[in-house]
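# Secondary and tertiary structure notes
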Amino acid sequence: NLKSTHIYLPLIKQLKAEGHPVELIFFNDVPNKQLRFYQVQADIVVDMLTYGFFGANVREALMLGKPVVCYLRPEWVADLAKEMPEYAAELPIVNATPATVRDVLIDLITHPEKRREIGARSRAFAVKWHSTEAGGARFDRIYGELLGRR
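Keep in mind the model is a prediction, meaning the values are calculated, not measured. (Residues numbered from 1 in each chain as written. Predicted model: local features only at pLDDT ≥ 70, side-chain atom pairs only at ≥ 80, totals over all residues. Heavy atoms only, no water.)

## A few points about helix α3 (residues 56-63)
Along α3, the residues that are buried comprise N57, V58, E60, A61 and L62. For α3, the secondary structure elements touched by its buried residues are α2 (32-39), β1 (45-47), β2 (68-70) and α7 (112-130). One or two positions beyond α3, positive phi appears at G65, with a value near 80°. (Buried < 20%, exposed > 50% of the residue type's maximum accessible area, 1.4 Å probe, protein only. Helix = DSSP H or I, 4+ residues; strand = E, 2+ residues; numbered from the N terminus. Contact = heavy atoms within 4.5 Å.)

In structure tokens, the structure reads:
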């Protein structure tokens, strides 16, 4: 249930029945390189509508410039904003819950320009915060502080 498949399957069936041009692409235990091949073809990436935050799948989708829909637990975002205010303010993830995901998806499906805009912000965000260079600089600072060099 962590990945929210129990929500996606009936929702996609319902959206198709209503005439929306949607297709569910779902993978489990697939090598990362193969997963990215499918992610790059997706128009929208939806992940974890019940947990409250995101992981590697979402970070990779952001890096690929995809609009991502995920539930962001308010108290966790508030904690994140205290630690990294700029990160929290720029986070381009479209927040949705099981109760709101249908409307969120219909909005994104019917507004391709909105998907493109969110996708562009997603890519810029991922490069800024999750690229090799960005991560390396942060770890260098952290390790330097731990070793007393800063």
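More follows now that the structure is in view.
## Focus: the packing of α7 against helix α8 (residues 132-146)
α8 packs onto α7 with a crossing angle of 30° between their chain directions and a minimal axis gap of 5 Å. From α7, V127, K128, W129 and H130 reach across to α8, where they touch T132, A134 and R138. Here the residues of the contact of α7 with α8 sort into three nonpolar, two polar and two charged. (Axes fitted to C-alpha atoms, helices over the stretch in contact; angles between N-to-C directions. Nonpolar A, V, L, I, M, F, W, Y, C, P; charged D, E, K, R; others polar.)

## Examining a nonpolar patch on the surface
Judged by side-chain polarity, F139, I142, Y143, L146 and L147 come together as a nonpolar surface patch covering roughly 560 Å² of accessible area. Here L146 falls in the exposed class, since its relative accessible area comes to 66%. (Patch = residues over 30% accessible without salt bridge, like charges linked within 9 Å, V, L, I, M, F, W, Y side chains within 5 Å. Areas by Shrake-Rupley, 256 points an atom, 1.4 Å probe, with all protein chains shown as cover. Salt bridge = Lys/Arg side-chain N within 4 Å of Asp/Glu carboxyl O.)

## What to know about the side chain of K66
Structurally, K66 is set in the loop between α3 and β2. Despite its burial, K66 pairs with no opposite charge, the nearest such side chain being D43 at 5.7 Å. Looking at K66, its side chain comes within polar contact range of the main-chain oxygen of V40, at 2.8 Å. K66 has contacts with Q39, V40, Q41, A42, V45, A61, G119 and S122, leaving out every residue within four places of it along the chain. (Lys, Arg positive; Asp, Glu negative; His and termini not counted. Polar contact = N/O pair within 3.5 Å; in protein donor to acceptor, adjacent residues only side chain to side chain.)

## Here we look at the pattern of salt bridges
Taken as a whole and assessed by the stated rule, the structure comprises seven salt bridges. The shortest N-O distance in the salt bridge between E18 and R102 comes to 2.6 Å. Residue E18 is located in the loop between α1 (5-17) and α2, and its partner R102 is located in helix α6 (residues 101-110); the two are separated by 84 residues in the primary sequence. Looking at R102, the relative accessible area reads 26%, which means it is partly exposed.

None of the figures reported here should be taken as evidence of function without further support.
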